[in-house]
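The primary structure of each chain is shown beneath.
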Amino acid sequence: MGPCSSVLLLFLLAWSEPLRAQQHHLVEYMERRLATLEERLAQCQDQSSRHAAELRDFKNKMLPLLEVAEKEREALRTEADTIAGRVDRLEREVDYLEVQNSAPPCVDLQEKETEGPGAKGKSRRNEKYDRVTDCDYTVAQVRSMKILKRFGGPAGMWTKDPLGPAEKIYVFDGTQNDTALVFPRLRDFTLAMAARKASRIRVPFPWVGAGQLVYGGFLYYARRPPGGPKATGELENTLQLIKFHLANRTVVDSSVFPAEELLPPYALSEDTYIDLAADEEGLWAVYATRDDARHLCLAKLDPQTLDTEQQWDTPCPRENAEAAFVICGTLYVVYNTRPASRARIQCTFDASGTLTPEQAALSYFPRRYGAHTSLRYNPRERQLYAWDDGYQIVYKLEMKKKEEEV
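A short tour of the structure in this document, coming up. (Residues numbered from 1 in each chain as written. Predicted model: local features only at pLDDT ≥ 70, side-chain atom pairs only at ≥ 80, totals over all residues. Heavy atoms only, no water.)

1. Looking at the overall build of the chain
Right, so step 1: Helix and strand counts for the chain stand at four helices and 20 strands.
Right, so step 2: By residue count, 43% of the 406 residues in the chain fall in the buried class.
Right, so step 3: Once local pairs closer than 6 in sequence are excluded, the contacts in the chain between residues at least 24 apart make up 57%.
Right, so step 4: For the chain, the accessible area works out to roughly 22700 Å², and carbon and sulfur atoms hold 53% of it. (Helix = DSSP H or I, 4+ residues; strand = E, 2+ residues; numbered from the N terminus. Buried < 20%, exposed > 50% of the residue type's maximum accessible area, 1.4 Å probe, protein only. Contact = heavy atoms within 4.5 Å. Areas by Shrake-Rupley, 256 points an atom, 1.4 Å probe, with all protein chains shown as cover.)

Structure, rendered in structure tokens:
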């Protein structure tokens, strides 16, 4: 071996010593880390075993309790079904009794002893109405209801145009608003996201109350009630009727309603100052004034000019009244209680004098949610479109001729 080889061997031996030392330290480090991991794994296994044992104990304790709760739930369900059956049977019995014993007519005793509310004078105001059609039907009973959906706030009005497209729906949400929703058919209105698909009609003046009416392609509504927040000057105690063309989106006519010191006609619907109605005879208005603050008034309107053709003082009280509608020239006033209970037709007034209060059928409405804020009669369908605490309801009516026993 030469001198160069010896030097090279010495160099390699000197360089390998630090390398072996590093490898030794690395092995020791790895062993310590593995030992730590093994210790943590052992701790995790111990905790898992302990948790599994606790879970088994909890399960063993809960199973009997769940069995007891299930038995109690079944017992409560059986009891609830029994109570529901009794309630349904009781309601059927109440319905039968209500049909057999109609609600008493809501006429003041003082009026029975005197000449009645029409004793103010034999003027044009209280003359008998001469019907322009051969309509001689009256309500025999409110047969059933169909709850469509819940839409909007607690007060509002929805309706169809009795002279327009048979399927189109008009919705007026709220008692102070300026935008109506229009749906092409009833099915579209019942959809979950109906408002997004509805067309909107904005009127130039916000309506007041829930007395709007769609009739012959026009929207009739009232603005600026007496004593309202915007009422000033000469209009403080007046009410203005607006005739709005739905297709052209323009105001066709307006008229100050010829009655002073107006009051809400329905004591249970204080936001409505005038309630417009349509039947086979045309356009009507239900209102009240301070001259006789206890009773409702009825007026026949000209749908073309908004002129008042005739007016009547009715015997129907304002107290506990919530809504009304007109059929064949007869006013039907619906009463309720506060808080809301079961509504009933308790007063009628036939402007033609054909149907007397004693002959009218005074019936109850089916069960529902709260109080009506509006009722709209559709003479083409002989149905009522009601707004009941945010629910939209359709009532079917059973009709009879006025000459028949009702």
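2. Some thoughts on a nonpolar patch on the surface
Right, so step 1: A contiguous nonpolar surface patch, about 310 Å² in accessible area, is contributed by Leu-26, Tyr-29 and Met-30.
Right, so step 2: As for its position among the elements, Tyr-29 is in helix α1 (residues 3–100).
Right, so step 3: The exposure class of Tyr-29 is partly exposed, given its relative accessible area of 41%. (Patch = residues over 30% accessible without salt bridge, like charges linked within 9 Å, V, L, I, M, F, W, Y side chains within 5 Å. Salt bridge = Lys/Arg side-chain N within 4 Å of Asp/Glu carboxyl O.)

3. Observations concerning the sheet that holds strand β6 (residues 213–215)
The strands making up a sheet are joined through hydrogen bonds of the backbone, oriented either antiparallel or parallel.
Right, so step 1: If you trace the four strands from one edge of the open sheet to the other, you get β6-β7-β8-β9, paired in antiparallel fashion. Here the strands that pair on one side only, and so sit at the sheet edges, are β6 and β9 (250–256). This sheet shows a mean twist of 25 degrees between the axes of neighbouring strands, independent of strand direction. (Pairing = 2+ DSSP bridges. Axes fitted to C-alpha atoms, helices over the stretch in contact; angles between N-to-C directions.)

4. A word on the state of the cysteines
Right, so step 1: Under the criterion given, the structure shown has two disulfides.
Right, so step 2: Through a disulfide, Cys-135 is tied to Cys-328; the S-S separation comes to 1.5 Å. A residue pair is termed long-range when its members are at least 10 positions apart, and Cys-135 in the loop between α2 (109–113) and β1 (137–150) and Cys-328 in the loop between β15 (321–327) and β16 (330–335) qualify at 193 residues.
Right, so step 3: Its relative accessible area of 1% is what places Cys-328 among the buried residues.
Right, so step 4: Each sulfur of the disulfide joining Cys-316 and Cys-347 lies 2.2 Å from the other. A torsion of -85 degrees about the S-S bond marks the disulfide between Cys-316 and Cys-347 as left-handed. Of this pair, Cys-316 sits in strand β14 (residues 308–317) while Cys-347 sits in strand β17 (residues 344–350), placing them 31 residues apart in sequence. With respect to burial, Cys-316 and Cys-347 carry one shared label: buried.
Right, so step 5: In the chain, the bonded cysteines, numbered by position in the sequence, are linked as 1-3, 2-4. (Disulfide = S-S within 2.5 Å.)

5. Considering the environment of Tyr-377
Right, so step 1: Tracing the backbone through its elements, the reader meets Tyr-377 in strand β18 (residues 372–378).
Right, so step 2: Classification of Tyr-377 as buried rests on a relative accessible area of 7%.
Right, so step 3: Placed 99 residues apart in sequence, Tyr-377 and Ala-278 show a C-alpha to C-alpha distance of 7.0 Å.
Right, so step 4: For Tyr-377, the contacting residues outside a window of four places in its chain are Ala-278, Asp-279, Glu-280, Phe-325, Val-326, Ile-327, Arg-382, Gln-383, Leu-384, Leu-397 and Met-399.
Right, so step 5: Of the polar contacts made by the side chain of Tyr-377, one reaches the side chain of Glu-280; its length is 2.7 Å. (Polar contact = N/O pair within 3.5 Å; in protein donor to acceptor, adjacent residues only side chain to side chain.)

6. A few points about the nonpolar core
The tendency in soluble globular proteins is for nonpolar side chains to be buried side by side.
Right, so step 1: With 24 residues, the main nonpolar core has Phe-325, Ile-327 and Phe-365 as its most contacted residues.
Right, so step 2: For this core, the element with the most residues is strand β20 (residues 391–401), which contributes five residues.
Right, so step 3: If sequence neighbours within four positions are ignored, Phe-365 has contacts with Val-142, Phe-325, Val-334, Arg-342, Ala-343, Arg-344, Ile-345, His-372, Leu-375, Leu-384 and Tyr-395.
Right, so step 4: Membership of the second largest hydrophobic core comes to 22 residues, among which are Val-208, Phe-218, Leu-239 and Leu-276. (Core = buried A, V, L, I, M, F, W, Y, C linked by side-chain atoms within 4.5 Å.)

7. Quick look at unusual backbone geometry
Right, so step 1: The omega torsion of the bond from Arg-338 to Pro-339 falls at 5 degrees, within 30 degrees of zero and hence cis.
Right, so step 2: Backbone geometry at Arg-249 places phi at a positive 60 degrees, although glycine is not the residue there.
Right, so step 3: Relative to the elements of secondary structure, Arg-249 occurs in the loop between β8 (240–245) and β9.
Right, so step 4: Here Arg-249 falls in the partly exposed class, since its relative accessible area comes to 43%.
Right, so step 5: With phi around 55 degrees, Arg-382 is a residue other than glycine that occupies positive phi space.
Right, so step 6: Relative to the helices and strands, Arg-382 resides in the loop between β18 and β19 (383–388).
Right, so step 7: Judged by its relative accessible area of 33%, Arg-382 falls in the partly exposed class.

8. Focus on the sheet that holds strand β5 (residues 199–208)
Right, so step 1: Taken in spatial order, the four strands make up an open sheet running β2-β3-β4-β5, and their pairing is antiparallel. The sheet is open, and its two borders are formed by β2 (156–159) and β5, each paired with just one other strand. Direction aside, neighbouring strands of the sheet carry axes that sit 20 degrees apart on average.
Right, so step 2: Of the pairings in the sheet, the one linking strand β4 (residues 176–183) to β5 comprises six bridges and is antiparallel in character. Across the sheet, Asn-177 pairs through a bridge with Trp-207, a residue of β5.

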